Structure formats: C-alpha cells, structure tokens
Amino acid sequence: MKRVLFLATAMLISVASFAQKKGDMYVSGFFKADLGTYSSSSSTHGFSSEWSAFDSSFEIGAEYGYFVADNLRLSLGVSFPILNTPVDEMDGESYKDITTSFDISPNVAYYVKMGEKCYYTPTLGLLYRRDNRTTKGTELHASSSHTSTWGAELDILAFEFKVSEKFSIGVNAGKIGAYSSNYVYSKEQKYTINQFHCDFSHGSVDFKLYF
C-alpha cells in the first residue's frame, strides 16, 4: 500500500512540475534556410527558351513568452526574413527580387492539457511586416518598392510537448489569417490588397527554453 501511495505521489509531483504556472517564462529562437534552383521554360511563336537561377530564403527569429496566469501565455516574436527570388531572364541576364523583411508578432495562447506532458495551444496573434524589395538586373532596369502588412492569425493546430521542466518542443500544423498589405512603388503608384488565408500545407517546429 505504501508503494502505491508513493507512486501516486510521485506521479502527481511529475504532473505538477510540467504544469504551465503563472510567472513561468521562456525564450525561443530559430533559423531557417531554403536553397535551390529555380527553372523556367517558355515557348512563343515557335521559339522556346529555358533558364535557371539560384533561389534562396533565410530567416532568423526569436520569441519571449510570459505566463500571466496559469495556462495563459503572452509572447512577443520578431524575425528577419530574406528572400532571393528569380523573376525573369532577358538578353541572357537573370533578373531577381531581393526582399528583406522585419516581422513583429505579439500573441496570446491558452494551454489545454492533453496528457502528462502534452498541451494543445491555440494561439491568437497580430502581425506587422515591413518588406523592402529590390529588383536587380542592369542599372537601367533596377527598381525598388516597399510593403507594409497588418494581419491577425489564429494557430488552430498548435501543440507543445514538454520534454523536461526546462525544455519543450512546439508544433504548428495549420493556421488561418486575415491580412491587409499596402504596396508602394512611388508616390503615384500604390495600392492595397486584402487577403484571407487558410493554410494547412506548411508546418513548423520550435524549441522553447523555460526559466
């Protein structure tokens, strides 16, 4: 009987140690890289052409989170994506868009316990993104523009697994979002696009260090 009581007490202590309590904090960081070759072919009036160019993207980011109440988390994330995207080839020269961005995303999440170490973590957040885009080719064909985007996102397939008291792994398998983007090419050339996205084709994994 004493052994049963000891095991039950140990299990309760273990469960409590993984609970998300008020005052808990974490930091999270990530680095993403996508390298490849973009290929394109076309045929016009009996003439065909093919071209390929180097395509790449990099992103570095970090997030800080604080539990304002049991199982209720506020966090702030920042990231810096860089995209190198081929757009066309003319007279044997490849033209590409180079986009540098700054993202900031405050959000709130609620932790619903699904097991001893697993939580369902639906997350509602805001997003601000600033893009600066430069099209590079010859000096005569170079151009630049910028975009400002405001949005709201809901991560509805988000989960977190506590590997230990100090370390966890998060998985996000789907989100929905609404965005409004202002594109500015010059004082006379600007426009706004409003979009609604439902994205279940991309997943992400993050790592959190609690303290």
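Bear in mind that the values here come from a model prediction, so they are computed numbers and not experimental data.

(A) Geometry of the overall build of the protein chain. A tally of helices and strands in the protein chain yields one helix and 13 strands. The N-to-C order of helical and strand elements in the protein chain reads α-β-β-β-β-β-β-β-β-β-β-β-β-β. Buried positions account for 27% of the 211 residues belonging to the protein chain. In the protein chain, of all internal contacts separated by at least 6 residues, the share reaching a separation of at least 24 is 59%. As displayed, the protein chain has an accessible area near 13,400 Å², and 62% of this comes from carbon and sulfur atoms.

(B) Region of the structure containing a nonpolar patch on the surface. A cluster of nonpolar residues, Val27, Tyr64, Tyr66, Val68, Leu74, Leu209 and Phe211, forms a patch on the protein surface that exposes about 590 Å² of accessible area. Looking at which element gives the most residues to the nonpolar patch, the answer is strand E2 (residues 47-69), with three residues. With relative accessibility at 48%, the residue Phe211 sits in the partly exposed group.

(C) Just the nonpolar core, in detail. Among the nonpolar cores identified, the biggest contains six residues, and these are Tyr26, Phe67, Ala109, Tyr111, Tyr119 and Tyr210. Here Phe67 is in contact with Gln20, Lys21, Lys22, Gly23, Asp24, Leu72, Arg73, Tyr111 and Tyr210, once residues within four sequence places are set aside.

(D) Just the pattern of salt bridges, in detail. Within the structure shown, the criterion is met by five salt bridges. Here Arg129 ties to Asp103 by a salt bridge, and the two come within 2.5 Å at their closest N and O atoms. Taken as a pair, Arg129 in strand E7 (residues 123-136) and Asp103 in strand E4 (residues 93-110) lie far apart in primary sequence, 26 residues in all. Two residues, Lys208 and Glu160, come together in a salt bridge whose shortest N-O distance is 3.7 Å. With Lys208 in strand E13 (residues 204-210) and Glu160 in strand E9 (residues 158-162), the pair connects residues that are 48 residues apart, well separated along the chain. Grouping residues by exposure puts Lys208 and Glu160 together as buried. Overlapping salt bridges bring together Glu153, Asp155 and Lys175 as one network.

(E) A look at the pairing of strand E11 (residues 175-184). Where strand E8 (residues 143-155) and E11 come together, 10 bridges link them in antiparallel fashion. For His146, the partnering residue across the bridge sits in E11 and is Val184. Counted between consecutive antiparallel strands, the loop separating E11 from strand E12 (residues 190-199) contains five residues.

(F) Here's a closer look at unusual backbone geometry. Phi is positive for Asn71, which is not a glycine, with a value near 70°. By secondary structure assignment, the location of Asn71 is in the loop between E2 and strand E3 (72-90). Owing to a relative accessible area of 22%, Asn71 belongs among the partly exposed residues under this scheme.

(G) The arrangement of the packing of aromatic side chains in detail. By the definition in use, this model includes 10 aromatic pairs. Seen from their ring centres, Tyr26 and Tyr210 are 5.5 Å apart, and the 50° between their planes marks the pair as tilted. Of the two residues, Tyr26 is situated in strand E1 (residues 25-44) and Tyr210 in strand E13; the sequence distance between them amounts to 184 residues. In terms of burial, Tyr26 and Tyr210 fall into one category: buried. Three or more aromatic residues joined by ring pairs form one cluster here, namely Tyr26, Phe67, Tyr111, Tyr119 and Tyr210. Here the guanidinium or amino end of Lys208 rests over the ring plane of Tyr26, the centre of that ring lying 5.4 Å away.

What counts, and at which threshold
- Numbers given to residues run from 1 along each chain, matching the order in which its sequence is written.
- In keeping with the predicted nature of the model, local features appear solely for residues at pLDDT of at least 70, side-chain atom pairs appear and are counted solely at 80 or more, and the whole-chain, interface and lining totals rest on all residues.
- Excluding hydrogens and water, the side-chain values take into account all heavy atoms of the structure.
- Starting at the N terminus, helices and strands are each numbered in turn, a helix being any DSSP run of H or I of at least four residues and a strand any DSSP run of E of at least two.
- Buried residues are those whose accessible area, probed at 1.4 Å on protein chains only, stays under 20% of the maximum for their type, while exposed residues exceed 50% and partly exposed ones sit between those limits.
- The criterion used for residue contact is that any of the two residues' heavy atoms lie within 4.5 Å.
- Using a 1.4 Å probe, the Shrake-Rupley method yields the accessible areas, and only the shown protein chains count as cover for residues.
- Exposure above 30% relative accessible area and the absence of a salt bridge qualify a residue for a patch, where like charges join within 9 Å and nonpolar side chains (Val, Leu, Ile, Met, Phe, Trp, Tyr) within 5 Å.
- What makes a salt bridge here is a side-chain nitrogen of Lys or Arg within 4 Å of a carboxyl oxygen of Asp or Glu, nothing more.
- In this text, buried Ala, Val, Leu, Ile, Met, Phe, Trp, Tyr and Cys residues form a nonpolar core when linked through side-chain atoms within 4.5 Å.
- Two strands qualify as a pair provided that DSSP identifies no fewer than 2 bridges between them.
- For this analysis, a ring pair means two rings from Phe, Tyr or Trp (six-membered ring only for Trp) whose centres lie within 6.5 Å, classed as stacked if their planes differ by under 30 degrees, edge-to-face if by over 60, and tilted for the remaining angles.
- Sitting over a ring, as applied to charges here, requires NZ of Lys or CZ of Arg to be within 6 Å of the ring centre and within 35 degrees of the ring normal.

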